[in-house]
Amino acid sequence: MLHIDKRELRNVLGTFVTGVTVVTTLAADGSPRGVTVNSFASVSLDPPLVLWSQGLSTHSYPVFRDAERFVVNILADDQVHLSKLFSSHVHDRFSDLEYTSGLGGLPVLAGCSAILECRKVATYPGGDHAVFL
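A. Representation of the sheet that holds strand 9 (residues 123-126) in the model. The strand order across the open sheet built from 4 strands is 3-4-10-9, with neighbouring strands paired in antiparallel fashion. At either end of the open sheet lies a strand with only one pairing partner, and these are strand 3 (40-45) and strand 9. Averaged over all pairs of adjacent strands, the angle between their axes in this sheet comes to 25°, without regard to strand direction.

Here it is in structure tokens:
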């Protein structure tokens, strides 16, 4: 079997320019949660489907695994600070953040280019990630 250096592969894949989103939901206790995601893609227009993936070892994975709904907040050009915030180790990312409640009370970030309020229809294994549809 061919040995692939994980750091080198990550560096190579990191050169692919993607849009950045913040996916948000509510934890079982009702607290808002969110994570920066660049593994987002359109899947189908009819029915409308999107996908995104999350590492199984991330702190917030159990929250998203158990959530029935999520919001894809497509960030605007001036929201780099949000992508950094939601990829950081800051515990309460929503404490000083402007957001509203969307469908089911899910957090919707202010000022985004677009918002997709979604219902999870499937989760697929993807190596060390889960792929949410």
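Read on, since the account is not over.
B. Broad picture of the packing of aromatic side chains. Under the counting rule described, the total for this entry stands at 6 aromatic pairs. Ring centres of Phe-94 and Tyr-99 lie 5.1 Å apart, and the angle between their planes is 75°; on these two criteria the pair is classed as edge-to-face. What links up through ring pairs into an aromatic cluster is the set Trp-52, Tyr-61, Phe-64, Phe-70 and Phe-132.

C. Seen up close, the nonpolar core. Within the largest apolar cluster, 12 residues are counted, these being Val-23, Val-35, Val-37, Val-50, Trp-52, Tyr-61, Phe-64, Phe-70, Val-72, Cys-118, Ala-130 and Phe-132. Put simply, the parts of the chain that give this core at least two residues each are strand 2 (32-37), strand 4 (48-55), helix 2 (61-66), strand 5 (69-74) and strand 10 (129-132). With 8 residues, the next largest nonpolar core counts Leu-82, Phe-86, Leu-97 and Cys-112 among its residues.

D. Representation of the environment of Ala-27 within the structure. Note that Ala-27 resides in the loop between strand 1 (21-26) and strand 2. According to the relative accessible area criterion, Ala-27 is buried, its value standing at 12%. Separated by 33 residues in the primary sequence, Ala-27 and Ser-60 place their C-alpha atoms 9.2 Å from one another. If sequence neighbours within four positions are ignored, Ala-27 has contacts with Arg-33 and Val-63.

E. Fine view of the pattern of salt bridges. Taken as a whole and assessed by the stated rule, the structure comprises 1 salt bridge. Note that Asp-66 and Arg-65 form a salt bridge whose closest N and O atoms lie 2.8 Å from each other.

What counts, and at which threshold
- Residues numbered from 1 in each chain as written.
- Predicted model: local features only at pLDDT ≥ 70, side-chain atom pairs only at ≥ 80, totals over all residues.
- Heavy atoms only, no water.
- Pairing = 2+ DSSP bridges.
- Helix = DSSP H or I, 4+ residues; strand = E, 2+ residues; numbered from the N terminus.
- Axes fitted to C-alpha atoms, helices over the stretch in contact; angles between N-to-C directions.
- Phe/Tyr/Trp six-rings, centres within 6.5 Å; stacked < 30°, edge-to-face > 60°.
- Core = buried A, V, L, I, M, F, W, Y, C linked by side-chain atoms within 4.5 Å.
- Buried < 20%, exposed > 50% of the residue type's maximum accessible area, 1.4 Å probe, protein only.
- Contact = heavy atoms within 4.5 Å.
- Salt bridge = Lys/Arg side-chain N within 4 Å of Asp/Glu carboxyl O.

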